[in-house]
Amino acid sequence: MPPTGRKLRCWIALGACYVLAQLALTACAGTRAPWVSYAFSIVSPLLALAACCRCAYVSAAGAARTGWTLFAVAMLFWSTGMLLSSWQDLSGQVASDATYFSDFAYFMYGAPLLLTMFLWCYAGCAGAYNYLTLQGVTEPWSEVLPGLPFLLLVLLTTRVPAAQAGMASTPAQRVPQKLTLLIDNFSPIFFTAALLGLGFAVMRTHFYLAAASLFVALLVHALRSATLQSRYMQSERALRAAHDKLEKLSLTDGLTGIANRRCFDQTLQLEWQRATRDNKPLALLIIDIDFFKSLNDAFGHPYGDSCLVQIAAALHSALPRASDLSARFGGEEFAAILPATDRAGALAVAHKMQQAIAAAAIVHAPSRGGLVTASIGLALNDAGQTPAPLLAAADQALYRAKQNGRNRVEG
């Protein structure tokens, strides 16, 4: 038999022994039977409290730990209420404001378990017990009913090993998604309204209980509002950060880390419109690595990718202003947008880029010899209706640079 199955049978046997012990002691207690009944009624939720605390401790942070923590809180409320009730009944105390807090504890017990299977299980057992009591049935076995749901909860917690506690589902997590959403939105309202109703109903006869109910109702409502506002603000910040991150990723070349073609197209359109509106020059450079295919064939694509990364860094370092943009145009081609830059300024930037590439000292293929170089085509904006003529002029200038021997600037 697998260890898990053996362990489960062990716990079932212990539960059966617990029930049999309660039956035997209740039957033999005679006039002390109420003492035995109350003792077991207190021990059962305390065992459930310890089991839920254990599951909350071994569970990973998140819904699993929250669910078991709520169960532990409910068991604590029930144990408190049962202790107060047993003290009142066994000591013969007349009802007072102090003992009425047991009813308040019972009421609070149901809040963390709202619409869970455990609450329905307990309601069934409690209903059967109350029915038998009203019918005058005082058999010892009927005293077992109130403690059965707690024993079943203890048995349930044994199915949550520490290694899988973070993945295990609590009873509260088995509620369907739509019902969960309904409970999450409306249960705090019903709970607060019930507490307010309880407070106003007993205000005249039990002032302290009423004051406690009203205080808890307002506290729950305030905490709920503060929690929702905090979650909303955290979600909004996380959503904004994720949006900014995605936007940045969508505009960044994955290999070189500089702007990609999409970012280049958007920036070129914006800068062209600004230059046209302000009647200022706009320079465009297109840079192509000379004989890049030979480099890839000689050293392989990983070396070629490393070369592209170094070239991108060199080009970016050569830009004189933050408003200038360097981008990967496609393949081994790069581009630079230089707003408010005339021909002389664009030529100066182009030569500075060639110097930066030379300073990188990237070894070229043996068939080409020497270091990696680049050809650059330069163009300035004209009176065209779109930036397409500017792009075409820069491309033609790059073609002339290649035709005239490469490693040069044409424009």
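Everything discussed here concerns the structure shown above.
Residues numbered from 1 in each chain as written. Predicted model: local features only at pLDDT ≥ 70, side-chain atom pairs only at ≥ 80, totals over all residues. Heavy atoms only, no water.

## Observations regarding the sheet that holds strand β5 (residues 409–410)
For clarity, the threshold we go by: Here, a strand pair is defined by DSSP locating no fewer than two bridges between the strands. Every helix listed is a DSSP run of H or I at least four residues long, and every strand listed is a run of E at least two residues long, numbered separately from the N terminus. Any two residues having at least one pair of non-hydrogen atoms within 4.5 Å are treated as being in contact. Working convention: axes come from line fits to C-alpha atoms, limited for helices to the stretch in contact. Angles between N-to-C directions cover 0 to 180 degrees.
Within the open sheet, the five strands sit side by side as β2-β3-β1-β4-β5. Their pairing is mixed. Of all strands in the sheet, those bounded by a partner on one side alone are β2 (325–330) and β5. Note that strand β1 (residues 282–289) and strand β3 (residues 333–339) share seven bridges and pair antiparallel. Looking across to β3, one finds that I287 is bridged to F334. This element, helix α13 (residues 388–403), spans β1, β2, β3, β4 (374–380) and β5 of the sheet and lies at about 145° to β4.

## A short note on a nonpolar patch on the surface
For the record, the criterion: Distance thresholds for patches are 9 Å for like charges and 5 Å for nonpolar side chains (Val, Leu, Ile, Met, Phe, Trp, Tyr), applied to residues having over 30% relative accessible area and no salt bridge. Per-residue and other accessible areas were derived by the Shrake-Rupley procedure at a 1.4 Å probe size, with only the shown protein chains allowed to occlude residues. Every case where a carboxyl oxygen of Asp or Glu lies within 4 Å of a side-chain nitrogen of Lys or Arg is listed as a salt bridge.
A surface patch of nonpolar side chains, amounting to about 310 Å² of accessible area, comprises F215, L219 and L223. Mapping L219 onto the fold places it in helix α8 (residues 207–250).

## Focus: the nonpolar core
The line we're drawing: Nonpolar cores are built from buried Ala, Val, Leu, Ile, Met, Phe, Trp, Tyr and Cys residues. Side-chain atoms within 4.5 Å join them into one set. A simple rule labels every residue: compare its accessible area, found with a 1.4 Å probe on the protein chains alone, to the largest value its type can have, and call it buried under 20%, exposed over 50%, or partly exposed in between.
Counting residues in each nonpolar core, the largest one holds 30 residues, and the members touching the most others are L285, I287, I289, C307, I311, F334 and M353. Taken together, the elements giving at least two residues each to this core come down to β1, α10 (292–299), α11 (301–317), β3, α12 (343–360) and β4. Among residues more than four places away in sequence, those in contact with I289 are C307, L308, I311, E332, F334, V372, T373 and A374.

## Quick notes on the pairing of β2
Of all the six residues making up β2, five are buried; the element is thus mostly covered by neighbouring parts of the structure. The pairing of β2 with β3 spans five bridges and is antiparallel. Opposite L325, over in β3, you have I337 as the bridge partner. Taking the residues between adjacent antiparallel strands as the criterion, β2 and β3 are bridged by two residues, where G331 takes a positive phi near 60°.

## Describing the packing of α10 against α11
So the rule is basically this: Our angle categories are set so that under 35 degrees counts as roughly parallel, over 145 as roughly antiparallel, 65 to 115 as roughly perpendicular, and the remainder as oblique. Residues are sorted three ways: Asp, Glu, Lys and Arg are charged, Ala, Val, Leu, Ile, Met, Phe, Trp, Tyr, Cys and Pro are nonpolar, and all the rest, Gly among them, are polar.
Contact geometry of α10 with α11 gives a least axis separation of 7 Å together with a crossing angle of 135°. It follows that α10 is oblique to α11 by the angle criterion. Along its contact with α10, which presents F292, L295, N296 and F299, the element α11 presents H301, Y303, G304, C307 and L308. Broken down by class, the residue content of the contact of α10 with α11 amounts to six nonpolar, three polar and no charged.

## Focus: the pattern of salt bridges
What the rule picks out here adds up to nine salt bridges. In this structure, D297 engages K293 in a salt bridge whose closest nitrogen and oxygen atoms are separated by 3.0 Å. Linking D297 with K293, this pair stays in helix α10, spanning four residues, or about one helical turn. Among the ionic pairs, D324 bridges to R321, the shortest N-O distance being 2.8 Å. What makes D324 buried here is its relative accessible area of 7%.

## A word on the environment of Y129
Tracing the backbone through its elements, the reader meets Y129 in helix α5 (residues 117–134). In this structure the C-alpha to C-alpha distance between Y129 and L145, which are 16 residues apart in sequence, comes to 6.3 Å.

## Brief notes about the side chain of S375
As a reminder, the rule being used: Distance and chemistry together define a polar contact, namely a pair of N or O atoms within 3.5 Å, with one atom able to donate a hydrogen and the other to accept it when in protein, and with adjacent residues in sequence counting only for side-chain atoms on both sides.
With respect to the helices and strands, the residue S375 is situated in strand β4. Of the residues examined, S375 reaches a relative accessible area of 0% and is grouped as buried. A distance of 3.1 Å separates a polar side-chain atom of S375 from the backbone nitrogen of N407.

## Topic: unusual backbone geometry
The backbone of F291 shows a phi angle near 50°, a positive value even though the residue is not glycine. With respect to the element layout, F291 can be found in the loop between β1 and α10. Among the residues examined, F291 registers a relative accessible area of 32% and is labelled partly exposed. Residue N407 is not a glycine yet carries a positive backbone phi of 50°. Tracing the backbone through its elements, the reader meets N407 in the loop between α13 and β5.

## Looking at the packing of aromatic side chains
Filter applied, for reference: Note on aromatic contacts: the rings of Phe and Tyr and the six-membered ring of Trp form a pair at centre separations within 6.5 Å, being stacked when their planes are under 30 degrees apart, edge-to-face when over 60 apart, and tilted otherwise. Our definition puts a charge over a ring when NZ of Lys or CZ of Arg is within 6 Å of the ring centre and also within 35 degrees of the ring normal.
Within this structure, the stated rule accounts for three aromatic pairs. Between F264 and F329 the ring centres are 5.3 Å apart and the planes differ by 90°, which places this aromatic pair in the edge-to-face class. Linking F264 in helix α9 (residues 261–278) with F329 in strand β2, this pair joins segments that are 65 residues apart in sequence. Here F264 matches F329 in class, with each residue buried. One cation-aromatic arrangement involves R368 over F291; the distance from NZ or CZ to the ring centre is 3.8 Å. Its end group placed over the ring of F291, R406 keeps NZ or CZ at 4.3 Å from the ring centre.

## What about the packing of α11 against α12?
Put simply, the test is: Take the far helix as the reference: if the near one is turned anticlockwise from it by less than a right angle, the crossing is left-handed, and if turned clockwise, right-handed.
Closest axis-to-axis distance for the α11/α12 pair is 8 Å, and the angle between their directions is 140°. In terms of axis orientation, α11 runs oblique to α12. Taken as a pair, α11 and α12 cross one another with a handedness that is right-handed. On the side of α11, the interface is formed by Q310, I311, A314, L315 and S317, while α12 contributes M353, A356, I357 and A360. Broken down by class, the residue content of the contact of α11 with α12 amounts to seven nonpolar, two polar and no charged.

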